[in-house]
Structure formats: structure tokens, C-alpha cells
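Spelled out from the first residue to the last, the chains are:
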Amino acid sequence: MNPAPAFVNWADGALQAPGLQRSEKKLGQLTGIFRDHQAWQKLDPETIVYRVWWWEPVASGTAGGLFWGLTEIQPGRVGNEYFMTRGHWHVIRNRAEFYGTVAGSGKLVLMDRTGHTWAEDMAPGSLHYIAGEVAHRIVNTGDKPIRVIACWPSDAGHDYEVAEGRGFGARILEERGAPILVNAQD
Ligand SMILES: [Fe+2]
């Protein structure tokens, strides 16, 4: 049976849906994500970095279905690195995804299977097609929360190996007040 409609406030991306799922990530849970470990240890581990709300109109793992979500990342930095999501591959690697920026500004960091890493500018209205086989992470480079809507296949799954393993090939760091993409080994 087709699910009943959900509701989105298009001004801020807020989502109302039956059985709305949610999760939040605090600094203390983001072990090994940020480059400056000492700066990370000095910050309050209870600081919320980001929240995600999402609607699963079909069961997770269903082939051919879609999910809808909203991610909100707080402004902030660990050393000179901006607050960001852990980032992930999809478990089924060829699954694509849309991200759309509703509010705030940031960078979408993308990495292909060879480790080549690049970034796209995120600003209200920017709509990003993330191809399959591309790992993705959102970085908040602004001074207010960035809110991003997403739509992805219900069988895509999330693989955080990229966050816990060797990481993305580049990071977004603040230099002289502006975000720059810096190769991870630099
Ligand atoms: Fe994704």
C-alpha cells in the first residue's frame, strides 16, 4: 500500500512523518574524525555536532524504494577544521543520492574509489547529485547551522569505513577566515 504523505517545511527543511527516525552525533562520539586530536580532546564531548531526521516509508533494505532525510550540522570547529558529518559510502556502492541545501553554507566533500577527493559549494538552493561509488560528507563552513535535505535508495545502506579507516583524501580547513581544501597527508 502506498504510504500517506509526509510534510516538509520548505523554509527550513523540517520534516513531519509517521515513525520519523532521528539520531544525533556529539563531539565525543566522533573519535578519530578530526585531524587535530588534541584540540578535539579539549572540547566538551557533549557538544552536539549534527542531527539527522529521516523517514523510511518502506522497510530499510527494500529494493526500489526511497528514503527522505534532513541533516543539520552546527557551526563550529575543532582546531581549524570545521564541524562535519562522519561521511560514508553506501553499502551497495552503486547507489546514488540527492542532497539539497535549505539553509546555511558549507562544502560537500566527495571521494571516488581511487581516493580522489573534491568539494562542491553548498548554499541555499544548491542541489547535489551524488553518483554511486562516491563517498560523501557535509562540512559546515558558515556561522549558523547548515540544513540539508536528502533522498536516497532504501537499500543503499551506510558504510562508515571511510570515517573509521584511512578517511577522505582531503579536508576542509579554515585558513585566514576562509575554507580551503587541503590534502589529508599535508
Ligand atoms: Fe549517502
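This text follows the structure it describes.
Computed from a predicted structure; not experimentally measured. (Residues numbered from 1 in each chain as written. Predicted model: local features only at pLDDT ≥ 70, side-chain atom pairs only at ≥ 80, totals over all residues. Heavy atoms only, no water.)

This structure, assessed with the given rule, holds four aromatic pairs. A ring pair is formed by Trp10 and Trp68, whose centres lie 6.1 Å apart and whose planes are at 85 degrees; its orientation type is edge-to-face. Of this pair, Trp10 sits in the loop between strand E1 (7-8) and strand E2 (15-16) while Trp68 sits in strand E5 (residues 66-73); the two residues are 58 residues apart in sequence, bridging distant segments of the chain. A relative accessible area of 59% places Trp10 in the exposed class. Between the NZ or CZ atom of Arg86 and the centre of the ring of Tyr160, over which it lies, the distance is 3.7 Å. (Phe/Tyr/Trp six-rings, centres within 6.5 Å; stacked < 30°, edge-to-face > 60°. Helix = DSSP H or I, 4+ residues; strand = E, 2+ residues; numbered from the N terminus. Buried < 20%, exposed > 50% of the residue type's maximum accessible area, 1.4 Å probe, protein only. Lys NZ or Arg CZ within 6 Å of the ring centre and 35° of its normal.)

Let's shift gears to the side chain of Ser154. Relative to the assigned elements, Ser154 resides in the loop between strand E13 (146-153) and helix H2 (161-164). Judged by relative accessible area, Ser154 falls into the buried class, the value being 2%. The residues touching Ser154, leaving out its near neighbours within four places in the chain, are Val58, Ala59, Ser60, Gly61, Thr62, Gly64, Gly65, Leu66 and Phe67. (Contact = heavy atoms within 4.5 Å.)

Positive phi, close to 70 degrees, is recorded for Glu133, a residue that is not glycine. Following the sequence through the fold, Glu133 ends up in the loop between strand E11 (127-130) and strand E12 (135-140). Phi at Arg176 takes a positive value of approximately 50 degrees, unusual for a residue other than glycine. Tracing the backbone shows Arg176 in the loop between strand E14 (170-175) and strand E15 (178-183).

Turning to the nonpolar core, a few remarks are in order. Buried together is how nonpolar side chains tend to be arranged in soluble globular proteins. The biggest cluster of nonpolar side chains holds 37 residues, and the ones touching the most others in it are Leu27, Phe34, Val78, Tyr99, Leu108, Met122 and Ile138. Breaking this core down by element, the ones donating at least two residues are helix H1 (37-42), strand E4 (48-55), E5, strand E9 (106-111), E12, E13 and H2. What Leu27 contacts, discounting residues up to four positions off in sequence, is Phe34, Trp40, Leu43, Asp44, Pro45, Thr47, Val49, Val78 and Phe83. Judged by nonpolar contacts, the second largest core, of nine residues, contains Ala6, Trp53, Leu70 and Val102. (Core = buried A, V, L, I, M, F, W, Y, C linked by side-chain atoms within 4.5 Å.)

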